[in-house]
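Residues per chain are reported as follows:
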Amino acid sequence: MRIERYMKASSIADAFAILQERPDNKIIAGGAWLKLTDPVINTAIDLSLLGLNSISEQDNEIEIGAMTTLYTLEKSAIIQKMYDGILAQAAMKIMGITIRNIATIGGCIMGKFGFSDIITPLMAMDAILVFHQHQRMTLEAFLDSKANFQDVLIKIVIPKTEARGYFHKIALTSLDFAVLNIAVSRKNSEYRIVFGSRPGVASRAFAAEQYLKELKNVSEDIINKAVDMAASECRFGTNQRGSAEYRLNLAKVYAKRGIEAVTDYEN
Amino acid sequence: MKIEFTLNNRTISTHILPGEYLIETLQKCNIHSIRRGCDTTNCGVCTVLLDDKPVPSCSVLSAQVDHHSITTVEGIAHETEKLSAHFGKEGADQCGYCNPALALAVFALRKENSHPTSTEIDEYLVGNLCRCSGFKNQNKAIAAYFEEEAYQEEQ
Amino acid sequence: MKVVNQEIPSIDGKSLMMGRQAYSNDFADTDSLIIKVLRSPHPFAKIEVIDISAAQELPGVVIVLTYVDFKRIPFTRAGQGYPEPSPHDKFVLDEYVRYIGDEVAIVAAVDEETAIRAVKLIKVEYKVLEPILDFETAYNNQQILHPEPEIHEMFPIGFDPKKNIAAQYHMEIGDVEATLNKCDVVVNETFYTQAQAHAMMEPHTCNARFDHLNRLVIYSSTQTPFHIRRIISQALEIPIARIRVIKPRVGGGFGGKQAVHGELIVASVTMRTGKPSKLVYTRKEVFESTYTRHPMRFDMRLGAMKDGTLKAIDCQVLSDTGAYGEHALTVFMVAGSKVLPLYNKVDSVRFGGKVVYTNHTPAGAFRGYGAIQGNFALESVIDVLCHKLQMDPIIFRQKNMIKEGESSAIFAIMGEGTEGTPMTMDTCKLEYCVQRGMDLIGWKTKYPRQVVSKDVVRGVGMAIAMQGSGIPLIDMGSAIIKLNDGGFYNLLVGATDIGQKSDTVLAQICAEELETTIDKIIVTSSDTDLTPFDTGAYASSTTYISGNAVLNAAKAMKSRLIEEAAIMLQTTIDKIVFNGNSFFDSQKKQKISLEDLSNRLYYNQNQKQVATTGSYVGHKSPPPFMAGFAEVEIDIKTGETSVINYVSVVDCGTTINPKLAQGQVEGGIVQGIGMALYENVIVTKNGKLVTNSLMSYKIPTRLEIKNLVTEFAESYEETGPFGAKSVAEIGIDTPPAAIMNAIYNAIGVRINSLPATPEKIWHAINERQNNQE
Ligand SMILES: Cc1cc2nc3c(=O)[nH]c(=O)nc-3n(C[C@H](O)[C@H](O)[C@H](O)COP(=O)(O)OP(=O)(O)OC[C@H]3O[C@@H](n4cnc5c(N)ncnc54)[C@H](O)[C@@H]3O)c2cc1C
């Protein structure tokens, strides 16, 4: 990586100001992904002194600092509990311990990676992003935004709730990117069904969520119908890790398993 | 730019390029145990302990370790020797190229969890690839090391 | 036995884990020029113009070399004995480039950054040529990949470059067509194997400098230091006496470091600049620009009688050697010669085919060396036949497989480039291996399948395999043992420890014969100036061939010591008893310790150096055998598959070091599982390797490997050192077939092209369902 200048920001405002100075000024979080892209950076902005690396429980929300590492996430008792621990499980499925000790949740989100195993569960948890300039913004709105975001992500906020969750990553080996990942959650009758690594970035199956919401009881037929709706609503493509056809099949199989899991449905 | 960090309990003050990676800085400090394996952060061969946590030295910028502490097997020779004795007993050592890195990950695991199950060992070490051993003799050696250390501690 | 067959810790494991200076790059001079190589972006092209001026002018660049700087001397990088059975079809640099990653130009600069920048400044105009990327269209294609007139074979191997053939061969015993016509059941299947990557953890690395005698000294992560020395001398016309090749510790090879790769480049740079230089391959270069396993197609036909008697085997092979013909003939031959004798009772057997050139990364040696490919095809089609015969595949094998005391006509006919060597199986514990493996896996209760849940099914499958122990009458090893004052020994071997721990095994053989302990044997391997000749670490030869050489040297040392002791004790040799520590004269009731003897020999009395040499060349190649049993678990909705159990029962003769032997087998098993399920090789339609990093090429991790059970059969090979045969390659051979057989037994679909990825299995399940409907 070519870096002209490396500086440790003294405040978020400071980081933001430098970020705004030039398009080739960049925030370095874990640096794990930046290394692979080998960019030329003018000023590398280090956020490590700003205390953004912890998880805290507020009255109505869980706050995750943008610099929280994946390993901290997976070991956090709070994260292990909420939504049956889907975010912790997702973190655990990413590479080995060495990468998880440096890769941050902020880096995972800001990259908008198609393969992301973190964005998928976060979307199923209605995560909200808090930026310095853009303030609060839903994860989905951020992913939809086309603009090049020269902003500092401060934290990720998840509304506190009693909810069930299911996460699964399908990959060739434990150290591979997902062929597909999926998160399903249920808050009472409110569902989220999210597919990631399609191979495009995660997307939600709104119609299927709505369909399930309107029903009182689930049955095999209803689950099958919801699965079909979900799979036809989301687009699946082909890359070296799998064909669109295979991904569609995985989406159906695991959406079904996911819905069954969050509804404790057994047939 | 100038950084200062602790390397195996020694203070190192050195000039680095802002884009320099820790593996390069350590090699300049004559550390042989840290080696390149893959260039894409996939093999684990360059693992070091950063404030006691295993990290890939190929992906951590030297600038990031300013005022932090780095440990390699050179700094924990006694512990490494004990682990290597178990590797020897189990025939778990082959080409040895990945072994210093693997040893550091084992020591980090022990700090976190002194009685890991075999699944916990596998999960913690999964990022440390090995193409020689078939893994099982390694795992037996690591389990034996944990057992012996736990026994010693109880005494 | 006190030392051999004991679980002794390896002699170097501890210092390697402690991070001592040990591998090639650790010995590079700190002021080495850094070398980077400009590589071809085209699968096939002619360099029309190459302009290096901008690169040369960049401050810090010391030398830039292109094909015009090299005399056209065709050679082969294969790293085999001389004359090689591989065609001489390669130039150090050529005006043609034949695969993406082929060498175009060499840059040496004062640091890495400068070298990388200089590479980018070289301007090349290519005339892009139509490549051949589908190996099934290479033969007789109008595009000829090697039109250059200088290239040649060293002796007849069927080399026919005008037809894109690097090598070809045909043999038939009996009359296959006639036998097949008489059979009750005939099966016919086609199989494909992929260009597996070695993925050793240490990338290829070498460095060079001149020593105080102005000799070229090269450290290299090689499996064949003596061949490297010879090839450098031949290809660069440097007198061989001016070259010294040192192999320090090597971070894994598996065949991938048998050939010469960067050594010619560092040698060229240091020769021309007078400066030390080093080249460390990037991982991408390891994937794209070293070697792969030879991808192969097998057209298999088997014929049998209703009672399960196998009558005929027809095995036709098409092998893809890539851009150059390294190991083209021999890997292909082994696909027959170390596979077909497993079923030695057939009336007729035919083997033949072609090895073709394509514009892919060249293929070369890789653990298993053809046997794994052939084993996959044969052991899969055997199960197809069993299914048709409605016969348990184990009963079929027990009836038809080779047994102790038997032979196969194939041994005499098929060698590696030359004729073969007739052999009877003096040790063959296959029957035991199969029986024991059946018990360990629980075949009786698990065959063919068990349903775990609505979506999950388990199945078991098996395969048998054989390998060799060196190449008879070609592979040679030697050893020198030197007695030191203080009564300890140096063991100098050319045999190449590349992580298989051969230094330890050879020290054990030496210590056993000299009745001493392993700490008294100081092993040095390998240094072409200091250690005696050895062909190198390949063909499963080190324990058997180099081990026998060590044994011979140790035997000679023992008699020399007894002679010297007899002189010291003023008696005759027949009166002397030696127990490893001391020499006793039973009649005169006197003794002298080895330590005293050695000290007197060097300081006080009758002074002389005691050193002995032993060498060995095999007269046969006793095969190790094994039975491998896989238990797989499959999600029938998604095709996701894992091997939950793998049982190996191996006959490798005496295990010199049982734990290290287990490590050899299990390391091989895991690479075999990788080839069977995970190691997908993807190439774009333009010939670009997509899976060119450890990020995209997936080798199994410790989480994929669930349970391995490895046992050894009691076995003693009379010709081997203390009864040993080889154990380095046999482990890799069975997983592809055993796993495919297990998948078939679980869900009734057969995958004939490797690897069996979940998606492939899922497609096969769908196809089967569609056919049933
Ligand atoms: C070999 C490898 C394999 C991987 N496999 C997977 C996988 O299977 N699944 C998966 O989900 N992920 C995977 N990842 C990605 C990993 O989990 C991280 O997402 C990635 O490394 C980015 O995190 P980081 O902290 O290192 O970010 P960096 O590399 O430091 O930064 C990434 C980007 O985010 C920006 N950024 C970071 N933090 C902020 C902030 N607070 N505000 C504004 N911008 C910011 C940076 O400027 C940069 O553009 C893999 C990574 C590697 C290296």
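What you are looking at is a predicted structure, and each value in this text was computed from that prediction instead of being measured.

Asker: When you look at the packing of helix α5 (residues 225–236) of chain C against helix α6 (residues 263–273) of chain C in this model, what are you seeing that I'm missing?
Answerer: How two helices pack is summed up by the angle between their axes together with the distance between the axes. Residues and elements named next belong to chain C. It is at 10 Å that the axes of α5 and α6 come closest, and there the two elements cross at 55 degrees. Between α5 and α6, the angle is such that the two are oblique. For the element pair α5 and α6, the recorded crossing hand is right-handed. Where α5 abuts α6, its residues I228, I231, I232, A235 and L236 lie against E263, L264, A267 and S268.

Asker: Looking at this model, I keep getting lost on the interface of chain C and chain B. Mind explaining?
Answerer: Interface extent is often summarised as the accessible area lost during association of the parts. Each partner contributes to the interface: chain C provides 56 residues, whereas chain B provides 48 residues. Contact between chain C and chain B buries roughly 4100 Å² in total, counting both sides, with carbon and sulfur atoms accounting for 58%. When the area that chain C buries against chain B is broken down by residue, the three leading residues are M17(C), M201(C) and R702(C), summing to 25%. The tally of links between chain C and chain B comes to four salt bridges. The partner of K14(C) in a salt bridge is E81(B), and the shortest N-O contact between them spans 3.4 Å. Taken together, the links from chain C to chain B amount to 25 residue pairs in polar contact (both at pLDDT 80 or more).

Asker: Any chance you could explain the site of the ligand here in plain terms?
Answerer: Within the structure, the ligand sits among 37 residues, and I27(A), A29(A), G31(A), T104(A) and D117(A) are positioned closest to it. Residues close to the ligand are split across chains A, B and C. Take L34(A): an N or O atom from its main chain is 2.9 Å from an oxygen atom of the ligand. Computed on the free molecule, the ligand has an accessible area of 960 Å², of which 96% lies beneath the protein chains in the complex. Among the elements of the structure, β2 (26–28), α2 (32–37) and α7 (105–110) of chain A are those that each provide at least two residues to the shell around the ligand. The class makeup of the residues in the shell around the ligand is 23 nonpolar, nine polar and five charged.

Asker: Explain the sheet that holds strand β5 (residues 61–65) of chain A to me, please; I cannot follow it from the model alone.
Answerer: Strand pairing within a sheet occurs via backbone hydrogen bonds; the two strands may be parallel or antiparallel. Residue and element names in this part refer to chain A. Taken in spatial order, the five strands make up an open sheet running β4-β5-β8-β6-β7, and their pairing is antiparallel. Both edges of this open sheet fall to β4 (55–57) and β7 (136–138), since each of them pairs with a single strand only. In this sheet, adjacent strand axes meet at a mean angle of 25 degrees when their direction is disregarded.

Asker: Can you walk me through the environment of M17(C) in this structure?
Answerer: You can see M17(C) is positioned in helix α1 (residues 13–17). On the basis of relative accessible area, M17(C) is assigned to the buried category, the value being 1%. With residues near it in sequence (within four places) discarded, M17(C) still touches V73(B), T80(B), L83(B), S84(B), F87(B), N99(B), P100(B) and A103(B).

Asker: Looking at this structure, how should I read the interface of chain A and chain B?
Answerer: At the junction of the two partners, chain A supplies 25 residues and chain B supplies 26 residues. Together chain A and chain B conceal approximately 2100 Å² of surface at their shared face, both sides included; 61% is due to carbon and sulfur atoms. Its largest share of buried area at the contact with chain B, chain A owes to Y6(A), K35(A) and T98(A), together 27% of the area lost on that side. One can count zero salt bridges joining chain A with chain B. Among the elements of the structure, β1 (2–8), α2, α3 (70–75) and α6 (97–100) of chain A are those that each provide at least two residues to the side of chain A that touches chain B. In terms of residue count, the dominant contributor to the side of chain A that touches chain B is β1(A) (five residues). Per-class residue counts for the side of chain A that touches chain B are 13 nonpolar, six polar and six charged.

Asker: Looking at this structure, I do not really get the pattern of salt bridges. What am I missing?
Answerer: Once their charged atoms are close, side chains differing in charge can pair, the charge on each being opposite to the other. One pass over the structure, following the stated rule, counts 83 salt bridges over all chains. Between R241(A) and D176(A) there is a salt bridge, with its nearest N and O atoms 3.1 Å apart. Taken as a pair, R241(A) in the loop between α11 (220–233) and α12 (244–263) and D176(A) in the loop between β9 (164–170) and β10 (180–187) lie far apart in primary sequence, 65 residues in all. In this structure, K163(C) and D160(C) form a salt bridge, with 3.9 Å as the shortest nitrogen-oxygen distance. Judged by its relative accessible area of 31%, K163(C) falls in the partly exposed class. You can call D160(C) partly exposed: its relative accessible area is 22%.

Asker: Could you clarify how one ought to interpret the state of the cysteines in this entry?
Answerer: When the sulfur atoms of two cysteines share a covalent bond, that bond is a disulfide. For the coordinates displayed, the defined rule picks out zero disulfides over all chains. Considering cysteine sulfurs only, C95(B) is the nearest to C132(B), which forms no disulfide, with 3.8 Å between them. Note on C206(C): no disulfide assigned, nearest cysteine sulfur contributed by C95(B) at a separation of 17 Å.

Asker: Explain the pairing of β10(A) to me, please; I cannot follow it from the model alone.
Answerer: Two faces make up the sheet, and in a regular strand the side chains alternate between them. Residues and elements named next belong to chain A. Most of β10 is tucked away: six of the eight residues are buried. In terms of strand pairing, β9 meets β10 through seven bridges, oriented antiparallel. The residue bridging H168 from the neighbouring strand is I182, located in β10. The pairing of β10 with strand β11 (residues 190–196) spans seven bridges and is classified as antiparallel. In the sheet register, N181 faces β11, and the bridge partner there is G196. The loop that links β10 with its antiparallel partner β11 comprises two residues; one of these, N188, has a positive phi angle of about 50 degrees.

Reading the values: the criteria
Residues numbered from 1 in each chain as written. Chains lettered and ligands numbered in written order. Predicted model: local features only at pLDDT ≥ 70, side-chain atom pairs only at ≥ 80, totals over all residues. Heavy atoms only, no water. Axes fitted to C-alpha atoms, helices over the stretch in contact; angles between N-to-C directions. Helix = DSSP H or I, 4+ residues; strand = E, 2+ residues; numbered from the N terminus. Parallel < 35°, antiparallel > 145°, perpendicular 65-115°, else oblique. Left-handed = near helix turned anticlockwise from the far one by under 90°. Contact = heavy atoms within 4.5 Å. Buried area = accessible area lost by both parts, 1.4 Å probe. Salt bridge = Lys/Arg side-chain N within 4 Å of Asp/Glu carboxyl O. Polar contact = N/O pair within 3.5 Å; in protein donor to acceptor, adjacent residues only side chain to side chain. Near = heavy atom within 4 Å. Areas by Shrake-Rupley, 256 points an atom, 1.4 Å probe, with all protein chains shown as cover. Nonpolar A, V, L, I, M, F, W, Y, C, P; charged D, E, K, R; others polar. Pairing = 2+ DSSP bridges. Buried < 20%, exposed > 50% of the residue type's maximum accessible area, 1.4 Å probe, protein only. Disulfide = S-S within 2.5 Å.

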